[in-house]
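Close look at the chain arrangement
So the chains spell out like this:
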Amino acid sequence: MSEAVLSDNGIAVHVIETSSLGDRGYLATDGRVAVVVDPQRDVDRILALAGRLGARGGAGVRITHVVETHLHNDYVSGGLELTRLTGARYGIAAADEVAFDHTPLADGDVVEVSPGLRLRALATPGHTFHHLSYVLEGHAGPEGVFTGGSLLIGTTGRTDLLGDRHTQALARAQHASARKLADLLPGGAAIWPTHGFGSFCSATQASGEASTIDRERRINPALRLAEDEFVTETLAGLDAYPAYYAHIGAINATGPDPVDLRPPAQAGARALRKRLEAGEWVVDLRHRTAYAASHLAGTVGLGLDGSMATWLGWLIDWGAPVTVIGETPEQIAAAQRELVRIGIDRIAAAAAGPQEDLAADPSQLRSLPTATFADLSSPPAGLPAPEVILDVRLGGEWTAGHIDGATHLPLPDLERRMEQIPPGAIWVHCGSGYRATAAASLLARAGRTVVVIDDEFGEAASAGLPIVR
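Below: a short report on this structure. Quantities reported herein were computed from a predicted structural model and do not represent experimental measurements.

Here the focus is the overall build of the chain. The helix and strand tally for the chain stands at 15 helices and 26 strands. Computed over the C-alpha atoms, the radius of gyration of the chain is 24 Å, within 12% of the 23 Å expected from 2.2 N^0.38 for a compact globule of 469 residues. Dimensions of the chain along its principal axes, counting C-alpha atoms only, are 70 × 50 × 40 Å. Within the span of the chain, comprising 469 residues, buried residues form 56% of the whole. When contacts within the chain are restricted to residue pairs at least 6 apart in sequence, those whose partners lie at least 24 apart make up 69%. Total accessible area on the chain is roughly 18,500 Å²; 50% of this is exposed by carbon and sulfur atoms. One way to put it: in the chain the 38 positive side-chain charges average out to a point 3 Å from where the 56 negative ones average out.

Here the structure, examined in full by the defined rule, presents nine aromatic pairs. Where Tyr-244 meets Tyr-245, the ring centres are 5.3 Å apart and the plane angle is 75 degrees; that geometry is what we call edge-to-face. Grouping residues by exposure puts Tyr-244 and Tyr-245 together as buried. Counting every residue linked through ring pairs, the aromatic cluster contains Tyr-26, Phe-146 and Trp-192. Here the guanidinium or amino end of Arg-24 rests over the ring plane of Phe-197, the centre of that ring lying 3.8 Å away. Sitting over the ring of Trp-281, Arg-445 keeps its end group 5.2 Å from the ring centre.

As summarised here, the arrangement of the five strands in space is 20-25-24-21-23, forming an open sheet in which the pairing is parallel. At either end of the open sheet lies a strand with only one pairing partner, and these are strand 20 (370-371) and strand 23 (407-408). For strand 21 (residues 388-391) and strand 24 (residues 426-429), the ladder comprises four bridges, and the chain directions are parallel. Paired with Asp-391 across the strands is His-429, a residue of strand 24. Sheet strands in contact with helix 14 (residues 434-445) are strand 21, strand 24 and strand 25 (450-453), and its direction is about 175 degrees off that of strand 25.

Negative phi is the rule for most residues except glycine; trans is the rule for most peptide bonds. Phi is positive for Asp-38, which is not a glycine, with a value near 55 degrees. If you trace the backbone, Asp-38 turns up in the loop between strand 4 (33-37) and helix 1 (44-52).

On to empty space enclosed by the protein, then. It is the rolling of a water-molecule-sized probe over the atoms that shows where space remains empty. This model, assessed by the stated rule, comprises five cavities of 30 Å³ or more. Forming the walls of the largest cavity are Glu-68, His-70, Leu-71, His-72, Ser-77, Leu-80, Tyr-90, Ile-92, Phe-100, Asn-252 and Pro-256. The class makeup of the residues in the lining of the largest cavity is six nonpolar, four polar and one charged. A volume near 40 Å³ is recorded for the second largest cavity. As for the second largest cavity, its lining consists of Arg-41, Ser-77, Gly-78, Leu-80, Glu-81, Pro-256, Asp-257, Pro-258 and Val-259.

Thresholds applied
Numbering of residues starts from 1 in each chain and follows the order in which that chain's sequence is written. Only residues with pLDDT of at least 70 are given local features in this predicted model, and only at 80 or more are side-chain atom pairs given and counted; all residues enter the totals for whole chains, interfaces and linings. Water and hydrogen atoms were dropped before computing side-chain values, which therefore reflect all heavy atoms in the structure. Numbering of helices and strands runs from the N terminus; a helix is a DSSP stretch of H or I covering at least four residues, while a strand is a stretch of E covering at least two. Only the C-alpha atoms count toward the radius of gyration. The rule for a globule is 2.2 Å times the residue count to the power 0.38. Only protein chains enter the accessibility calculation, which uses a 1.4 Å probe. A residue is then buried if its area is under 20% of the maximum for its type, exposed if over 50%, and partly exposed in between. Residue contacts are defined here by distance: any two heavy atoms, one from each residue, within 4.5 Å place the two residues in contact. Computed by Shrake-Rupley with a 1.4 Å probe, the accessible areas treat only the displayed protein chains as cover when residues are assessed. Only four residue types enter the tally: Lys and Arg on the positive side, Asp and Glu on the negative side, with His and both chain ends excluded. Note on charges: their place is set at NZ of Lys, CZ of Arg, CG of Asp or CD of Glu. Stacked, tilted and edge-to-face are the three classes assigned to paired rings of Phe, Tyr and Trp, where Trp is represented by its six-membered ring and a pair needs centres within 6.5 Å; plane angles under 30 degrees give stacked, over 60 edge-to-face, the rest tilted. Whether a charge lies above a ring is judged from NZ of Lys or CZ of Arg, which has to be within 6 Å of the ring centre and within 35 degrees of the ring normal. Pairing between strands is defined by DSSP: at least two bridges between the two strands are required. Only the contacting stretch of a helix is used when fitting its axis, a line to C-alpha atoms as for every element, and angles between N-to-C directions run 0 to 180 degrees. Definitions used throughout: a 1 Å grid over protein atoms alone; a cavity as a set of points that fits a 1.4 Å probe which cannot get out; a pocket as an open set with protein on both sides within 12 Å along at least five of seven lines; a lining residue as one with an atom within 4 Å of a point. Grid points are joined across faces, edges and corners, and a volume is the space filled by probe spheres set on the points. Polar here means any residue other than Ala, Val, Leu, Ile, Met, Phe, Trp, Tyr, Cys and Pro, which are nonpolar, and Asp, Glu, Lys and Arg, which are charged; Gly is therefore polar.

Here it is as structure tokens:
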């Protein structure tokens, strides 16, 4: 978490970052009361932050209002739970249909948090039809704007989450909304977006960690390009997004259940083997180098050091049981927190400890050979010669540059299209090694001979491999 103190009127805006999903929520306070914007589901972080703050040093601030910029697609909101726990008023776009009590907000409505702290709602459709941004106003006027999935840092929110038939119309609305914000706000006003820091909800990734309206006028395509040019460029750049997004919006509209972070059931070595033999997903949370060195046969390598929840939620059949294993109970707890954020409420079972202790039999232990891009031309002794170079990056990455002769199969499509991969030893790569390890674990589970290229893709050209751009 970080904060920016607005010294003119004593308002502080605290960033509540969820880097694993590429999103940010915010808590704005005058030192006594606070409003929370776009909270994640695990609200204990927010309550702890509020408890640490206060004008009298540690006295805490009282959360009186919670607002959403839109019904999120990439995470389950903590807004309803936060209002249950604090008694805060819950503001949501009036046009959104939700199944719980809330304060409906529309363009121009003002949320009076305190005499010196208020939010002014602005209709900014584009990411969704009913999207709202909130201008933070103090005694001196506008200080910044919470832009959700509208005007992001150097980009905008994607416009295709509601279906292809709406994508172009929403892209045009997104262009108009960005210009509306730039026209209404002073150049020094801060931009506080929810998306853009790795989230698949942004059209492209953010250009920096902080920005202002003036900076966006210089760098943001929505403010530099005419409408038709912006629409063409935006739609051309949209890539695939996680399959679990289809479920999140409905969960948020219905009203998420209270979050449950109690430890999951523990699985012993025999129970783990039984789940693996049944074809269930058993996810190894350790770093990919540890996974490659030794793991249980049939497990899927998705380390906590990467976007574990995003890729797991994208790859599994929704509702399928998930078991997680790691080195420590702390890793299990961290994974559980990550997964409830995307609506996987309960882990079927978990186990922590050395791989040798989790194996019912030593024959269960496997390893994955690893290599670099330089090794493709001259494989080290002991590694099979590469008969298939498999690129599991997404479409936009492939188009930007790929190894000549490689086979392209994005990681999210791997299991259902695995039979399309030519026979022979597969050397699999992504952009850095994380997704390649996940792909290799799936391929090995299917009985393929596989080598993980655990290397940065930029090294491919340096190794003399021909790159098609």
